[in-house]
Amino acid sequence: NAGVMQNPRHLVRRRGQEARLRCSPMKGHSHVYWYRQLPEEGLKFMVYLQKENIIDESGMPKERFSAEFPKEGPSILRIQQVVRGDSAAYFCASSGGQGADQPQHFGDGTRLSIL
Amino acid sequence: GQSLEQPSEVTAVEGAIVQINCTYQTSGFYGLSWYQQHDGGAPTFLSYNALDGLEETGRFSSFLSRSDSYGYLLLQELQMKDSASYFCARRGTGGFKTIFGAGTRLFVKA
């Protein structure tokens, strides 16, 4: 499967725990985007990364959230000390370039539930 | 601002044609993209318009008018499987951040 792979598909955490969401981009893609989606709402941009660099994190909360895209391995979105309001679907997308005309290919998402 | 406005839902019958509109604010505008998302699924890219005019891809077409700050997605010969949410999207200032509209939920009836 050469598509964008996200895991886990579903993640349940208790308040105060850490959540780690993984994303392997499409083969050959080095541009990764993370989005958050609440039910019946649109996708909210969180962060855009290239290999080993955070390019734009303007949509990510300043506290508890971090993202990385190491030279080797998947991109990781990390949420520390989760709260009920973090419950959402988190989607990762990748593209082959950073131009506005470049289509973004999405993974199936991680549904995060906070107990 | 750089927000996008689209209707929250549209209903149409199988075999019909439906148009989903999207208006945007002009600040830092590059072009308009459209994505489809079925319930519980991943968004999938449909089209991108940078220039004025109509882009056709099979049953789906997308149109842009930069002078009117407006675009639309046209779906022809509607099928039940077209029932989904449709999002318009654009880049934000600087060209990295992608901003999505709130989505239009399309219901196709038999």
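These lines cover the structure that appears in this document, whether it is placed above or below. Model, not experiment: these values are computed from the prediction.

Turning our eyes to something else, we now look at the pattern of salt bridges. Residue and element names in this part refer to chain A. Scanning the entire structure with this criterion turns up five salt bridges over all chains. Measuring nitrogen to oxygen at the nearest pair gives 2.9 Å for the salt bridge that ties Arg-78 to Glu-18. Remark: Glu-18 occurs in the loop between β2 (10–13) and β3 (19–24) and Arg-78 occurs in strand β8 (residues 75–79); sequence separation between them is 60 residues. Overall, Glu-18 belongs to the partly exposed group, its relative accessible area being 29%. Close ionic contact of Asp-86 with Arg-64 constitutes a salt bridge, the shortest N to O distance being 2.7 Å. Of the two residues, Asp-86 is situated in the loop between β8 and β9 (88–95) and Arg-64 in the loop between β6 (53–56) and β7 (65–68); the sequence distance between them amounts to 22 residues. Exposure remark for Asp-86: the relative accessible area of 3% places this residue in the buried category.

Each partner contributes residues to the interface: chain A has 25 residues there, and chain B has 20 residues. Interface of chain A and chain B: buried area, both sides summed, is about 1700 Å²; carbon and sulfur atoms make up 57% of it. Broken down residue by residue, the surface that chain A buries against chain B is led by Leu-43, Ala-100 and Phe-106 of chain A, which jointly contribute 28%. At the boundary of chain A and chain B, one finds zero salt bridges. Taken together, the connections running from chain A to chain B amount to eight residue pairs in polar contact (both at pLDDT 80 or more). Contributing elements (two or more residues each) for the side of chain A that touches chain B: β4 (31–37), β5 (43–50) and β6 of chain A. For the side of chain A that touches chain B, the per-class residue count stands at 10 nonpolar, eight polar and seven charged.

Residues and elements named next belong to chain B. Pairing is antiparallel in the open sheet, where five strands are placed in the order β1-β3-β8-β7-β6. Edge strands, defined here as strands with exactly one partner in the open sheet, are β1 (4–5) and β6 (53–57). By the bridge criterion, six bridges tie strand β7 (residues 60–65) to strand β8 (residues 70–75) in an arrangement that is antiparallel. Looking at β8, one finds that Ser-62 is bridged to Leu-73.

Position of Asp-82 of chain B relative to the elements: it lies in the loop between β8 and β9 (84–91). With residues up to four places along the chain from it excluded, the contact list for Asp-82 of chain B reads Arg-59, Phe-60, Leu-75, Glu-77, Leu-106 and Val-108 of chain B.

Okay, the state of the cysteines next. Residue and element names in this part refer to chain A. One pass over the structure, following the stated rule, counts two disulfides over all chains. Residue pairing for Cys-23: its cysteine sulfur links by disulfide to Cys-92, the two sulfurs lying 1.8 Å apart. Disulfide Cys-23-Cys-92: the torsion about the S-S bond is -50 degrees, which places it as left-handed. Here Cys-92 lies in strand β9 and Cys-23 lies in strand β3, a separation of 69 residues in the sequence. The same class applies to Cys-23 and to Cys-92, which are both buried.

With that out of the way, let us pick up the nonpolar core. In this structure, Trp-34, Met-46, Leu-77 and Tyr-90 of chain A are the most contacted members of the largest nonpolar core, which totals 22 residues. Mapped onto this core, the elements with two or more residues apiece are β3, β4, β5, β7, β8, β9 and β11 (110–114) of chain A. Within the second largest apolar cluster, 21 residues are counted, among which are Ala-84, Cys-88, Leu-106 and Val-108 of chain B.

So, about the packing of aromatic side chains. All names here are of chain B. One pass over the structure, following the stated rule, counts 16 aromatic pairs over all chains. A ring pair is formed by Tyr-35 and Phe-45, whose centres lie 5.6 Å apart and whose planes are at 75 degrees; its orientation type is edge-to-face. Taken as a pair, Tyr-35 in strand β4 (residues 32–37) and Phe-45 in strand β5 (residues 44–49) lie far apart in primary sequence, 10 residues in all. Residue classification places Tyr-35 among the buried positions, given a relative accessible area of 2%. Owing to a relative accessible area of 28%, Phe-45 belongs among the partly exposed residues under this scheme. Plain terms: the ring middles of Phe-60 and Tyr-86 are 6.4 Å apart, the flat faces sit at 75 degrees to each other, and that makes the pair edge-to-face. With a gap of 26 residues between them, Phe-60 in strand β7 and Tyr-86 in strand β9 connect regions that are remote in the sequence.

Calculation notes
- Residues numbered from 1 in each chain as written.
- Chains lettered and ligands numbered in written order.
- Predicted model: local features only at pLDDT ≥ 70, side-chain atom pairs only at ≥ 80, totals over all residues.
- Heavy atoms only, no water.
- Salt bridge = Lys/Arg side-chain N within 4 Å of Asp/Glu carboxyl O.
- Helix = DSSP H or I, 4+ residues; strand = E, 2+ residues; numbered from the N terminus.
- Buried < 20%, exposed > 50% of the residue type's maximum accessible area, 1.4 Å probe, protein only.
- Contact = heavy atoms within 4.5 Å.
- Buried area = accessible area lost by both parts, 1.4 Å probe.
- Polar contact = N/O pair within 3.5 Å; in protein donor to acceptor, adjacent residues only side chain to side chain.
- Nonpolar A, V, L, I, M, F, W, Y, C, P; charged D, E, K, R; others polar.
- Pairing = 2+ DSSP bridges.
- Disulfide = S-S within 2.5 Å.
- Core = buried A, V, L, I, M, F, W, Y, C linked by side-chain atoms within 4.5 Å.
- Phe/Tyr/Trp six-rings, centres within 6.5 Å; stacked < 30°, edge-to-face > 60°.

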